[in-house]
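A look at the structure
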Amino acid sequence: MIDIEAGKEAASRTARLDVVFAALADPTRRAIIERLSRGEARVTEVAEPFDMSLNAVSKHIRVLEASGVVERHRRGRDHILSINARSLDEVDGWIEQTRRYWERRLDAMEHLLRELETNHKSEPKDHKHGSR
Amino acid sequence: MAHGDMTGSTVQIRRRMRATAEQIFDLWTQPELMVRWMSPYPGAVNCKASCDPHPGGAFSLFMSSEESNREVSGTYVEVDRPRKLVFTWIGPLTNNVDTLVTVEIHPRGHETDLVITHERLPTQAIIEGHTRGWGNILDHLADAVSKGF
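Keep in mind the model is a prediction, meaning the values are calculated, not measured.

With respect to the overall build of chain A
Counting secondary structure elements, chain A contains six helices and three strands. When the helices and strands of chain A are read in sequence order from the N terminus, they spell out α-α-α-β-α-α-β-β-α. Taking all 132 residues of chain A together, the buried fraction comes to 20%. Put simply, 53% of the contacts in chain A that link residues at least 6 apart link residues at least 24 apart.

Some points on the pairing of strand β7 (residues 111-120) of chain B
All names here are of chain B. By the alternation rule, side chains of β7 split into Thr 112, Leu 114, Ile 116, His 118 and Arg 120, which are all buried, and Glu 111, Asp 113, Val 115, Thr 117 and Glu 119, of which none is buried. Two strands pair when backbone bridges link them, and strand β1 (residues 10-17) and β7 are joined in this way by eight bridges, in the antiparallel orientation. Within the sheet, the bridge partner assigned to Arg 14 lies in β7 and is Val 115. Across ten bridges, the pairing between strand β6 (residues 99-108) and β7 is antiparallel. Residue pairing across strands places Leu 100 opposite Glu 119, the latter belonging to β7.

Section: the sheet that holds strand β4 (residues 69-80) of chain B
The strand order β1-β7-β6-β5-β4-β3-β2 (chain B) describes an open sheet built from seven strands, whose pairing is antiparallel. The open sheet is flanked by β1 and β2 (46-51) of chain B, the only strands paired with a single partner. Between one strand and the next, the sheet's axes are offset by a mean angle of 20°, whatever the strand orientation. In this structure, strand β3 (residues 58-64) of chain B lies alongside β4 of chain B, joined through seven bridges in antiparallel fashion. Looking at the pairing, Phe 62 of chain B lines up with Glu 71 of chain B of β4 of chain B. Relative to the sheet, helix α6 (residues 85-122) of chain A contacts β1 and β7 of chain B, its axis offset from that of β1 of chain B by approximately 20°. Against the sheet, helix α1 (residues 21-29) of chain B touches β1, β2, β5 (84-89), β6 and β7 of chain B, its axis set at about 160° to β6 of chain B.

Things to note about helix α5 (residues 54-67) of chain A
Residue and element names in this part refer to chain A. The end-to-end C-alpha distance of α5, which contains 14 residues, comes to 20 Å, matching closely the 20 Å that a straight helix rising 1.5 Å per residue would cover. What α5 keeps buried is the set Val 57, His 60, Ile 61, Leu 64 and Ser 67. For α5, the buried positions fall inside an angular range of 120° around the axis, keeping them on one side. Facing away from the buried side of α5 by more than 90 degrees, the exposed set consists of Asn 55, Arg 62 and Ala 66. Of the residues flanking the end of α5, it is Gly 68, one or two places downstream, whose phi is positive at about 85°.

Quick word on the environment of Pro 31 of chain B
Residues and elements named next belong to chain B. Structurally, Pro 31 can be placed in helix α2 (residues 31-34). By the C-beta count within 10 Å, which is 16 here, Pro 31 ends up partly exposed. If we ignore the near neighbours within four places in the chain, the residues touching Pro 31 are Ala 49, Ser 50 and Cys 51.

Quick look at the sheet that holds strand β1 (residues 41-42) of chain A
A sheet is described by the order of its strands in space; here three strands give the open sequence β1-β3-β2 (chain A), paired in antiparallel fashion. Only two strands of the sheet have a single neighbouring strand rather than two, namely β1 and β2 (70-75) of chain A.

A word on the nonpolar core
The biggest cluster of nonpolar side chains holds 31 residues, and the ones touching the most others in it are Ile 24, Leu 61, Leu 85, Phe 87, Trp 89, Val 101 and Val 103 of chain B. Among the elements that line this core, the one with the most residues is β3 of chain B, at five residues. In this view, Val 103 of chain B contacts Trp 28, Lys 84, Leu 85 and Ile 116 of chain B; residues no more than four positions away in its chain are not counted. Grouped together as the second largest cluster of nonpolar side chains are 22 residues, Leu 24, Ile 32, Val 46 and Leu 64 of chain A included.

Here's the deal with the packing of helix α3 (residues 27-37) of chain A against α5 of chain A
Residue and element names in this part refer to chain A. For the pair α3 and α5, interaxial distance at closest approach is 10 Å and the crossing angle is 75°. When the axes of α3 and α5 are compared, the pair comes out roughly perpendicular. In contact with Thr 28, Arg 29 and Ile 32 of α3, α5 contributes His 60, Ile 61, Val 63 and Leu 64. Classifying every residue of the contact of α3 with α5 gives four nonpolar, two polar and one charged.

Parameters at a glance
- Residues numbered from 1 in each chain as written.
- Chains lettered and ligands numbered in written order.
- Predicted model: local features only at pLDDT ≥ 70, side-chain atom pairs only at ≥ 80, totals over all residues.
- Helix = DSSP H or I, 4+ residues; strand = E, 2+ residues; numbered from the N terminus.
- Buried ≥ 20, exposed ≤ 12 C-beta atoms within 10 Å, placed from the backbone.
- Contact = placed C-beta atoms within 7 Å.
- Pairing = 2+ DSSP bridges.
- Axes fitted to C-alpha atoms, helices over the stretch in contact; angles between N-to-C directions.
- Expected span 1.5 Å × (residues − 1).
- Arc of directions from axis to C-beta.
- Core = buried A, V, L, I, M, F, W, Y, C linked by C-beta atoms within 7 Å.
- Parallel < 35°, antiparallel > 145°, perpendicular 65-115°, else oblique.
- Nonpolar A, V, L, I, M, F, W, Y, C, P; charged D, E, K, R; others polar.

Structure below.
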């Protein structure tokens, strides 16, 4: 049996992660996250640096809220935005796992290359490295 | 908190190897070589590989032990020996979601730089077919997975 069953288990996590990745796929939204990673801020503060209407920025903010990356709470009249670090931790988890996987595979690849080279050199019919 | 890579869905690994570009490329596309480095469980389990390295062709790496079976598979999108290889990748590491791997090979004198870019495609991009060559890939993937071993 192929790992489809294990996949089902992870399905809700995967679906969540995909929504987060879709949210992160836009440069404006990434800039918003970057701003909020320096600390919480009012919606108007977040919108200020962008050369677009408050309405346009608000749409991006809503996408980020829907993905769970950004949270909103009220303080008096102000709407305060902050990052939900847990949602980004999941992204980091995927990145970290994938990075570790390839680093280890490349270690194995280097090991194999050395092995192949050694076999190649000890091959009696080989004249390339011959004159030693 | 250090959420360094704000593109979120991309992992890039670079490494300089002591080998020629051709040697490195062949490690990715010859089944008898693939099984010797691609399996995360070296030696402990049976590992079988098959591949058909041309655009639209499938590859598969199947690892089995008494406890579990795992399969990584995908479809080649671009095959340009010895410089570039692009393929989809689906397996336990990706929670069985499609991802895209680009392997770039740059000769540097007697050494070779290997750059692996592993992207998790936003679902939207898959649906809308933004990625070049994406059209038939889902079909190919379904074929590759259903082939079984």
